[in-house]
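Take a look at the letters that make up each chain.
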Amino acid sequence: MMNIEELILREKPKRKERLLYRKEPEGMGVVLNKELGTIDYLNPTAATIFELCNGDKEIKEIVEALFDKFEIVNEKSEIIKDAIKCIRDLEGRRLVKHC
């Protein structure tokens, strides 16, 4: 039987449709949500997570990609918590959903 964290790490977040996304040269992301008429600005880490939310990758795979891209030295459990928090924030902004 899986615990809650294992279940969460198996979620496959996906970017919502009808979003326009642009990555700025310094790594920031800009998302226009046509449905809501809002613009969201993402820091480089959130932009990377947003880009990885394609509906195919589980959260645990997104965390692995973050480790590879940013050469992270923190504890993996900290990065897992931060990635989940970021994905929940993106969900709250109605930029990603569960598949």
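Residues numbered from 1 in each chain as written. Predicted model: local features only at pLDDT ≥ 70, side-chain atom pairs only at ≥ 80, totals over all residues. Heavy atoms only, no water.

### Here's the deal with the packing of aromatic side chains
Using the criterion set out here, one finds 1 aromatic pair in the structure. Aromatic side chains Tyr21 and Phe50 sit 5.1 Å apart centroid to centroid with 45° between the ring planes, which places their arrangement in the tilted category. A residue pair is termed long-range when its members are at least 10 positions apart, and Tyr21 in strand 2 (residues 19-23) and Phe50 in helix 2 (residues 44-52) qualify at 29 residues. A cation over an aromatic ring shows up here: Arg15 above the ring of Phe50, its NZ or CZ 5.8 Å from the ring centre. (Phe/Tyr/Trp six-rings, centres within 6.5 Å; stacked < 30°, edge-to-face > 60°. Helix = DSSP H or I, 4+ residues; strand = E, 2+ residues; numbered from the N terminus. Lys NZ or Arg CZ within 6 Å of the ring centre and 35° of its normal.)

### Side note on helix 3 (residues 59-70)
For helix 3, built from 12 residues, the straight-helix expectation of 16 Å at 1.5 Å per residue is met to within 8% by its first-to-last C-alpha distance of 16 Å. Among the residues making up helix 3, those that are buried are Ile59, Ile62, Val63, Leu66 and Phe67. With its buried residues spanning 145° around the axis, helix 3 presents them on a single face. Elements in contact with the buried residues of helix 3: helix 1 (4-9), strand 1 (13-15), helix 2 and helix 4 (76-92). Phi turns positive one or two residues past the end of helix 3, at Glu71, with a value near 50°. (Expected span 1.5 Å × (residues − 1). Buried < 20%, exposed > 50% of the residue type's maximum accessible area, 1.4 Å probe, protein only. Arc of directions from axis to C-beta. Contact = heavy atoms within 4.5 Å.)

### Notes on the packing of helix 3 against helix 4
One way to put it is that helix 3 packs onto helix 4 with a least axis distance of 10 Å and a crossing angle of 115°. Crossing of helix 3 against helix 4: the hand is right-handed. Residues Ile59, Ile62, Val63, Glu64, Leu66 and Phe67 of helix 3 form the contact with helix 4, whose participating residues are Lys76, Ile79, Ile80, Ala83, Ile84 and Ile87. The residue inventory of the contact of helix 3 with helix 4, partitioned by class, reads 10 nonpolar, no polar and 2 charged. (Axes fitted to C-alpha atoms, helices over the stretch in contact; angles between N-to-C directions. Left-handed = near helix turned anticlockwise from the far one by under 90°. Nonpolar A, V, L, I, M, F, W, Y, C, P; charged D, E, K, R; others polar.)

### Some details on helix 4
Over its 17 residues, helix 4 runs 24 Å from end to end, which matches the ideal 24 Å to within 8%, given 1.5 Å per residue. Where helix 4 is buried, its residues contact helix 1, strand 1, strand 4 (38-42), helix 2, helix 3 and strand 5 (96-98). Arg94 occupies a position one or two residues after helix 4 and carries a positive phi of about 65°.

### Re unusual backbone geometry
One non-glycine residue, Arg18, lies in positive phi territory at about 65°. Note on placement: Arg18 falls in the loop between strand 1 and strand 2. At Arg94, a residue that is not glycine, the phi angle is positive and equals roughly 65°. Within the secondary structure, Arg94 sits in the loop between helix 4 and strand 5.

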